[in-house]
Amino acid sequence: EATLHEPLPVDRNSLGLPLTVDAMRESIRGNRNGLPFAEANSALAGVTIPGVTQQGTLTVHCSWTRYGLGGSTQLDGVDLPANVGSDIPGLGKLVLNEQHREVITVWGADGPHDAEVLYIFGAHLTLTADAASEYHTTDIILGFTSCDPQLPGNLGGTLQITNPAS
């Protein structure tokens, strides 16, 4: 089964955030029967991250099969190592290719067994207190993928704003 979302234009001015995206595309595939698998891709174009890229591309991918999982992030066509962090003066801490792993229980014909799940944030900006007050949020995530065959349909996202600041 596959779910594909066509490129979606984003009105970047409507959000007023320091990170911008002009267009995005998601593809998600998964199967819970037979040989289970999950695959998610998040592609963003016209990405601007101050001090990092201007009108660039950000691509996030993950895959999960019964044999293992893997994932990657590319910025402007270049593979990034996992969990690379840097400070953006006046904005906060940026982590590129932020990867999180957890173990879940998967039920199969032979009973339950443990499986690893991977979550990847292409670019995760945690704002400073001053920036959070200005933009009314504490975190901005661009390019999210998750490879968890238990949750197909909820495996990808392109712009996530979390923890609204008061």
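Our structure's up above, just so we're on the same page.
Residues numbered from 1 in each chain as written. Predicted model: local features only at pLDDT ≥ 70, side-chain atom pairs only at ≥ 80, totals over all residues. Heavy atoms only, no water.

Visitor: How would you summarise the nonpolar core if you had to cite specific residues and measurements?
Guide: Core analysis: the largest hydrophobic core is formed by 36 residues, its most contacted members being Leu58 and Leu142. Listing elements by their share of this core, those giving two or more residues are strand E3 (37-49), strand E4 (53-65), strand E8 (92-108), strand E9 (111-127), helix H2 (129-135) and strand E10 (139-147). Here this core gets nine residues from one element, more than from any other, and that element is E9. Non-local contacts of Leu58, meaning those with residues more than four positions away in its chain, are made with Ser42, Ala43, Leu44, Val47, Thr73, Gln74, Leu75, Gly122, Ala123 and Leu142. (Core = buried A, V, L, I, M, F, W, Y, C linked by side-chain atoms within 4.5 Å. Buried < 20%, exposed > 50% of the residue type's maximum accessible area, 1.4 Å probe, protein only. Helix = DSSP H or I, 4+ residues; strand = E, 2+ residues; numbered from the N terminus. Contact = heavy atoms within 4.5 Å.)

Visitor: Could you give an account of the environment of Ala109, naming the residues involved and the relevant values?
Guide: Topologically, Ala109 is positioned in the loop between E8 and E9. Its relative accessible area of 94% is what places Ala109 among the exposed residues. Measuring from C-alpha to C-alpha, the distance between Ala109 and Asn33 comes to 9.9 Å, with 76 residues separating the pair along the chain.

Visitor: Kindly report on the side chain of Thr53, identifying the contributing residues and their values.
Guide: With respect to the helices, strands and loops of the structure, Thr53 is situated in strand E4. Accessibility expressed as a relative area gives 7% for Thr53, which makes it buried. A distance of 2.8 Å separates the side chain of Thr53 from the side chain of Asp76, its partner in a polar contact. Apart from the residues within four sequence positions on either side, Thr53 is in contact with Val47, Thr48, Leu75 and Asp76. (Polar contact = N/O pair within 3.5 Å; in protein donor to acceptor, adjacent residues only side chain to side chain.)

Visitor: Now, about the pairing of strand E2 (residues 23-31): what can you tell me, with residues and values included?
Guide: Where burial is concerned, the two faces of E2 differ: the one with Met24, Glu26, Ile28 and Gly30 is buried and the one with Ala23, Arg25, Ser27, Arg29 and Asn31 is not. In this sheet, E3 lies alongside E2 in antiparallel orientation, the contact comprising nine bridges. Bridge pairing in E3 places Ser27 opposite Asn41. (Pairing = 2+ DSSP bridges.)

Visitor: Account for the environment of Gly108, naming residues and giving values.
Guide: Inspection of the secondary structure assignment puts Gly108 in strand E8. Gly108 sits in the partly exposed class, given a relative accessible area of 34%. Separated by 72 residues in sequence, Gly108 and Pro36 place their C-alpha atoms 9.4 Å apart.

Visitor: Break down the pattern of salt bridges for me, citing the residues and quoting the values.
Guide: Taken as a whole, this structure holds one salt bridge when the rule is applied. A salt bridge links Glu39 to Arg29, with the shortest nitrogen-to-oxygen separation between them at 3.0 Å. Of this pair, Glu39 sits in strand E3 while Arg29 sits in strand E2, and the two are 10 residues apart along the sequence. (Salt bridge = Lys/Arg side-chain N within 4 Å of Asp/Glu carboxyl O.)

Visitor: Just give me the short version of the packing of aromatic side chains, but keep the residues and values in it.
Guide: One pass over the full model with this rule turns up one aromatic pair. Plain terms: the ring middles of Phe121 and Phe144 are 5.6 Å apart, the flat faces sit at 40 degrees to each other, and that makes the pair tilted. Residue Phe121 is located in strand E9, and its partner Phe144 is located in strand E10; the two are separated by 23 residues in the primary sequence. Note on Phe121: relative accessible area 14%, which makes it buried. On the basis of relative accessibility, which here comes to 13%, the residue Phe144 falls in the buried class. (Phe/Tyr/Trp six-rings, centres within 6.5 Å; stacked < 30°, edge-to-face > 60°.)

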